[in-house]
Amino acid sequence: MFCPKCRSEYREGFTECADCDVELIPELAPLPAEPKSVDYVQYQELLSTYNLADIAFIESILDSEKIIYFMQNEEFNTLTFSPQPVRVMVNTDQFDQAKKLLKDFQPQYSRLSSD
Ligand SMILES: [Zn+2]
């Protein structure tokens, strides 16, 4: 017999966990699988831009398609004179999908990465 709360094992005859005050069960449910770490995600640069309006547009497209991405240098670009463009980094597995979504998108101050 097992306690479903603290997962202690009890001998036959016990019906309650002495620590938790809950009824024992004959078998424990398996522990939920470990959540996948985000470290497994590999990122690839989709494009870079100085234009914050572009960024908002790209974010809305990538969000709607559930593409995993992040914006590199976004903090710096909120300043008036940014020395670096914002780089849009997308999950490598979804890179082709993301590129297809943005293929008709012609940002004025952006360049699509060549590869
Ligand atoms: Zn217990």
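Use the structure listed above.
What you see is a predicted model; the values in this text were computed from it and never measured.

**Q** Teacher, can you tell me more about the pairing of strand 3 (residues 86–91) here?
**A** Taken residue by residue, a regular strand's side chains alternate between the two faces of the sheet. Sheet analysis places strand 1 (residues 43–49) next to strand 3, joined by six bridges and oriented antiparallel. Its bridge partner being in strand 3, Leu47 is matched across the sheet by Val88. Across four bridges, the pairing between strand 2 (residues 69–72) and strand 3 is antiparallel. Across the sheet, Gln72 pairs through a bridge with Arg87, a residue of strand 3.

**Q** How do you make sense of helix 1 (residues 52–64) when you look at a structure like this?
**A** Note on helix geometry: an α-helix contains 3.6 residues per turn, so any two residues three or four positions apart are oriented the same way. With 13 residues, helix 1 ought to run about 18 Å at 1.5 Å a step, and its terminal C-alpha atoms sit 18 Å apart, in line with that. Every buried residue belonging to helix 1 is among Asp54, Ile58 and Leu62, and all of these are buried. End-on, the buried residues of helix 1 take up no more than an arc of 60°, which puts them together on one face. The outward face of helix 1, more than 90 degrees from its buried face, is lined by the exposed residues Ala53, Ala56, Ser60, Asp63 and Ser64.

**Q** Teacher, can you tell me more about the nonpolar core here?
**A** Membership of the largest hydrophobic core is limited to 11 residues, which are Leu46, Leu47, Ile58, Leu62, Val86, Val88, Met89, Val90, Phe95, Ala98 and Leu102. Put simply, the parts of the chain that give this core at least two residues each are strand 1, helix 1, strand 3 and helix 3 (95–101). If you tally residues by element for this core, the top one is strand 3, at four residues.

Reading guide: rules and limits
- Residues numbered from 1 in each chain as written.
- Predicted model: local features only at pLDDT ≥ 70, side-chain atom pairs only at ≥ 80, totals over all residues.
- Pairing = 2+ DSSP bridges.
- Helix = DSSP H or I, 4+ residues; strand = E, 2+ residues; numbered from the N terminus.
- Expected span 1.5 Å × (residues − 1).
- Buried ≥ 20, exposed ≤ 12 C-beta atoms within 10 Å, placed from the backbone.
- Arc of directions from axis to C-beta.
- Core = buried A, V, L, I, M, F, W, Y, C linked by C-beta atoms within 7 Å.

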